[in-house]
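Here is how the chains run, residue by residue.
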Amino acid sequence: MSRNNTDKSLQRNKQPLAQRVKKEVQHSWPMYIMLLPAIILALIFCYAPMGGLIMAFQNYKPWLGITGSEFVGLDNFKQIFEFKESYQAIINTFIIAVSKMVLGLIFPIIIALLLNEVHNMGLKKGIQTLVYLPHFLSWVTVAGMLRDILGMDGIVNMFLSKAFGMNPIFFLGNAGMFRQIVVISDLWKGFGFGMIVYLAAISNIDQSLYEAAQIDGAGRWKQTLYVTIPCILPMVIVMATLSLGNVLNAGFDQIFNLYSPLTYSTGDIIDTYVYRQSLVNGQYSFGTAVGLFKSGVSLFLTAVAYKLAYKFAGYRIF
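Residues numbered from 1 in each chain as written. Predicted model: local features only at pLDDT ≥ 70, side-chain atom pairs only at ≥ 80, totals over all residues. Heavy atoms only, no water.

## Examining the overall build of the protein
Part 1 of the reasoning: Each helix and strand in the protein was counted, giving 15 helices and two strands.
Part 2 of the reasoning: Computed over the C-alpha atoms, the radius of gyration of the protein is 26 Å, more than 25% above the 20 Å expected from 2.2 N^0.38 for a compact globule of 318 residues.
Part 3 of the reasoning: The dimensions of the protein, computed from C-alpha atoms along their principal axes, are 75 × 70 × 35 Å.
Part 4 of the reasoning: In the protein, which comprises 318 residues, the share counted as buried stands at 33%.
Part 5 of the reasoning: For the protein, long-range pairs separated by at least 24 residues make up 64% of all intrachain contacts whose partners lie at least 6 apart in sequence.
Part 6 of the reasoning: For the protein, the exposed surface amounts to about 19900 Å²; the carbon and sulfur share of it is 68%.
Part 7 of the reasoning: Of the side-chain charges in the protein, 24 are positive and 16 negative, and the distance between the mean point of each set is 9 Å. (Helix = DSSP H or I, 4+ residues; strand = E, 2+ residues; numbered from the N terminus. Rg over C-alpha atoms; globule rule 2.2 N^0.38 Å. Buried < 20%, exposed > 50% of the residue type's maximum accessible area, 1.4 Å probe, protein only. Contact = heavy atoms within 4.5 Å. Areas by Shrake-Rupley, 256 points an atom, 1.4 Å probe, with all protein chains shown as cover. Lys, Arg positive; Asp, Glu negative; His and termini not counted. Charge placed at Lys NZ, Arg CZ, Asp CG, Glu CD.)

## Quick look at the nonpolar core
Part 1 of the reasoning: Among the nonpolar cores identified, the biggest contains 19 residues, and Ile 109, Ala 112, Met 195, Ile 202, Ile 205 and Ile 232 are the most heavily contacted of them.
Part 2 of the reasoning: A total of seven residues in this core trace back to one element, the largest contributor, which is helix 9 (residues 175–203).
Part 3 of the reasoning: Beyond its immediate sequence surroundings of up to four residues, Ile 202 is in contact with Ala 112, Leu 113, Asn 116, Thr 228 and Ile 232. (Core = buried A, V, L, I, M, F, W, Y, C linked by side-chain atoms within 4.5 Å.)

## Section: the pattern of salt bridges
Opposite charge on two side chains allows them to pair when their charged atoms are near.
Part 1 of the reasoning: This structure, assessed with the given rule, holds four salt bridges.
Part 2 of the reasoning: Where Asp 186 meets Lys 100, a salt bridge forms, and the shortest distance between an N and an O atom there is 3.9 Å. In this pair, Asp 186 is assigned in helix 9 and Lys 100 in helix 5 (residues 84–116), connecting sequence segments 86 residues apart.
Part 3 of the reasoning: Across the pair Asp 268 and Arg 276 runs a salt bridge whose closest N-O atoms are separated by 2.9 Å.
Part 4 of the reasoning: What makes Asp 268 buried here is its relative accessible area of 4%.
Part 5 of the reasoning: Under the relative-accessibility criterion, Arg 276 is labelled buried at 13%. (Salt bridge = Lys/Arg side-chain N within 4 Å of Asp/Glu carboxyl O.)

## Thoughts on the confidence of the model for the protein
Part 1 of the reasoning: This prediction gives the protein a mean pLDDT of 83; 93% of its residues lie at or above 70.
Part 2 of the reasoning: Looking over the protein, one finds the lowest element-wise mean pLDDT in helix 1 (residues 2–14), namely 51, and the highest in helix 7 (residues 139–150), namely 89. (pLDDT = per-residue confidence, 0-100.)

## Brief notes about helix 9
Structurally, the α-helix is built with 3.6 residues per turn, so residues lying three or four positions apart point the same way.
Part 1 of the reasoning: Taking 1.5 Å of rise per residue, the 29 residues of helix 9 would be expected to cover 42 Å, and the 43 Å separating its terminal C-alpha atoms lies within 8% of that figure.
Part 2 of the reasoning: Where helix 9 bends most, the angle comes to about 45°, and this point is Gly 190.
Part 3 of the reasoning: The N-cap of helix 9, judged by a side-chain oxygen 2.9 Å from the amide nitrogen of Gly 176 a few residues on, is Asn 174. (Expected span 1.5 Å × (residues − 1). Bend = angle between axes of the 7 residues up to and from the residue. Polar contact = N/O pair within 3.5 Å; in protein donor to acceptor, adjacent residues only side chain to side chain.)

## Here's the deal with the packing of helix 10 (residues 207–215) against helix 11 (residues 220–242)
Each pair of packed helices can be summarised by the angle the axes make with each other and by the distance between the axes.
Part 1 of the reasoning: Where helix 10 meets helix 11, the closest approach of the two axes is 10 Å, and the angle between their N-to-C directions is 145°. Of the two elements, helix 10 crosses helix 11, and the hand of that crossing is right-handed. Mapping the contact onto sequence places Leu 209, Tyr 210, Ala 213 and Gln 214 in helix 10 and Arg 220, Gln 223, Val 227, Thr 228 and Cys 231 in helix 11.
Part 2 of the reasoning: Among the residues forming the contact of helix 10 with helix 11, the class breakdown is five nonpolar, three polar and one charged. (Axes fitted to C-alpha atoms, helices over the stretch in contact; angles between N-to-C directions. Left-handed = near helix turned anticlockwise from the far one by under 90°. Nonpolar A, V, L, I, M, F, W, Y, C, P; charged D, E, K, R; others polar.)

This is the structure we're talking about:
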């Protein structure tokens, strides 16, 4: 049976590519028709605009258009590291993104391990629901909540004033506090998703391993240390390596809804910097160059992440 299947697959591979594609389309044409609207939308909104990347190599003038603007080569890319603002935006992006990645990896693991020790299913499901709900809130909603909580007349300042007699603090306007607020609010909003992933990995652990550990005299802590953590380690490696591709994605939606000119020095990231330079200040070529630089670095890191995920955890998509 297996030999016949192997012979058939070899025969199919020997067929011309055009013939194989034709047979595949004839066999699965309803699926391709169902995919057609999504493909058309992707071509229109994702691939067609990529022609505008030529602006990164031009001194683009809207009244001259892409075809009439002067070609300047790599001059726009050289300016990325010459301007203090762009250099600071890259540093801010790296610091915020790495902080989110590290805490977003560690904290969900800790909560998942703790929640795994809760044996009351009603309480366990309730906690899961509560910590997972913020994941579905938009950053517009969360930013509004933070502005009410951390505002000059917000709950936090009211508590500090009554309990310690402190003057109101402008948290969202304090450059020294802004990164911490961004990282902590992102952790609160997103750690529930990671926790669910690790809880699913824990639930797939063979229970006989715990039984063997109990026979050997291992308590709950030892079982967690020598059974649970090693068994979920491949999933941890996958999540960690895949997050490398987002090292330059510090979260445009979040930063845009929280920052202000007072916090540009520590809160301005590449995406918000590109937005201001391109759409607000009209420096379309420079903004496009910064965005293309970020995309190139992200593409390289994503490729490295998938390579590492396959090497250390056997995970691959392609």
